[in-house]
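Here is what each chain is made of, one letter per residue.
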Amino acid sequence: MTLSERLRQPVDVAGLAAFRILFGLLMLFGSVRFLFSGWIHDFYVAPDYFFHFWAAPWVTVLPPWAMYAAMVALAVFSALIALGLFYRVAVWGFFLIFTWVELIDVTNYLNHYYLVSLLSLLLAVLPANAAFSLDARWRPAIRRSTVPRWIYALLRTQVGVVYVFAALAKFNTDWLIHGQPLNIWLSARTD
């Protein structure tokens, strides 16, 4: 069997649905945590200056009410993704708002946030709502019991690439010898 034939083999859709549900729940938790931790004010309202990404200088901070509304929208979209309800609209909305918020200021960058943007973009084009979703329950035409194996390979590769490059970036004296940034984080919390 060739690689192409193997990648086209049908496999159970349950793993993809589980990935969608867990992704939605994690993003819901993260959005609610961001709202209630005061981070919108700390990161987007209080600062007077923002360091723009070189490739997206046109992305600017929104007015305070809009920043709060964006985070509420992320929470709502996350819940809809987990439920598989209005899935395409929810996942595209989540991708666009999340990516916008992350592009506002380079100092808030985390490689995990980059991964969230990439995974939400992939989920926007994959049939992750084909099973265990309210969309599939109410629209039987989208139901599937299988998906091609390449979908799982794509998601695994995306996660793997991000973590391999993150690991390679940490092969330096700051991480290996000086224990940074963990040393800074732990020192700040000695109480």
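From a predicted model like this one, the values you see are computed outputs, not experimental measurements. Per chain, residues are indexed from 1 in the order of the written sequence. Selection of residues for local features in this predicted model requires a pLDDT of at least 70, selection of side-chain atom pairs for listing and counting requires 80 or more, and totals for whole chains, interfaces and linings are taken over all residues. Neither water nor hydrogens contribute to the side-chain values; these are computed over all heavy atoms in the structure.

## Thoughts on the overall build of the protein
Link 1 in the chain: Secondary structure elements follow DSSP: runs of H or I of four or more residues count as helices, runs of E of two or more count as strands, with numbering from the N terminus. Within the protein one finds 10 helices and 2 strands.
Link 2 in the chain: Of the regular secondary structure in the protein, the N- to C-terminal order runs α-β-α-α-α-α-α-α-β-α-α-α.
Link 3 in the chain: Projected onto its principal axes, the C-alpha coordinates of the protein cover approximately 50 × 45 × 35 Å.
Link 4 in the chain: Evaluated residue by residue, the protein yields a buried proportion of 35% over its 191 residues.
Link 5 in the chain: Taking as baseline every contact in the protein between residues at least 6 positions apart, the subset at least 24 positions apart corresponds to 75%.
Link 6 in the chain: Here the open area of atoms and residues is found with the Shrake-Rupley method and a 1.4 Å probe, where only the protein chains shown may cover a residue. Split by element, the accessible area of the protein, about 11700 Å² in all, is 70% carbon and sulfur.
Link 7 in the chain: Of the side-chain charges in the protein, 13 are positive and 9 negative, and the distance between the mean point of each set is 18 Å. For the exposure calls, accessible area comes from a 1.4 Å probe over protein chains only, and a residue counts as buried if that area is under 20% of its type's maximum, exposed if over 50%, partly exposed in between. The criterion used for residue contact is that any of the two residues' heavy atoms lie within 4.5 Å. We score Asp and Glu as negative and Lys and Arg as positive, and we do not count His or the chain ends. All charge positions are set by atom: Lys at NZ, Arg at CZ, Asp at CG, Glu at CD.

## A few points about unusual backbone geometry
Link 1 in the chain: Even without a glycine there, the phi angle at F86 is positive, about 50°.
Link 2 in the chain: With respect to the element layout, F86 can be found in the loop between α4 (64-83) and α5 (87-103).
Link 3 in the chain: One non-glycine residue, F132, adopts positive backbone phi at about 55°.
Link 4 in the chain: Note that F132 resides in the loop between α6 (111-125) and α7 (134-138).
Link 5 in the chain: With a relative accessible area of 61%, F132 lands in the exposed category.

Fair warning: the whole summary comes from geometry, so function is off the table for now.
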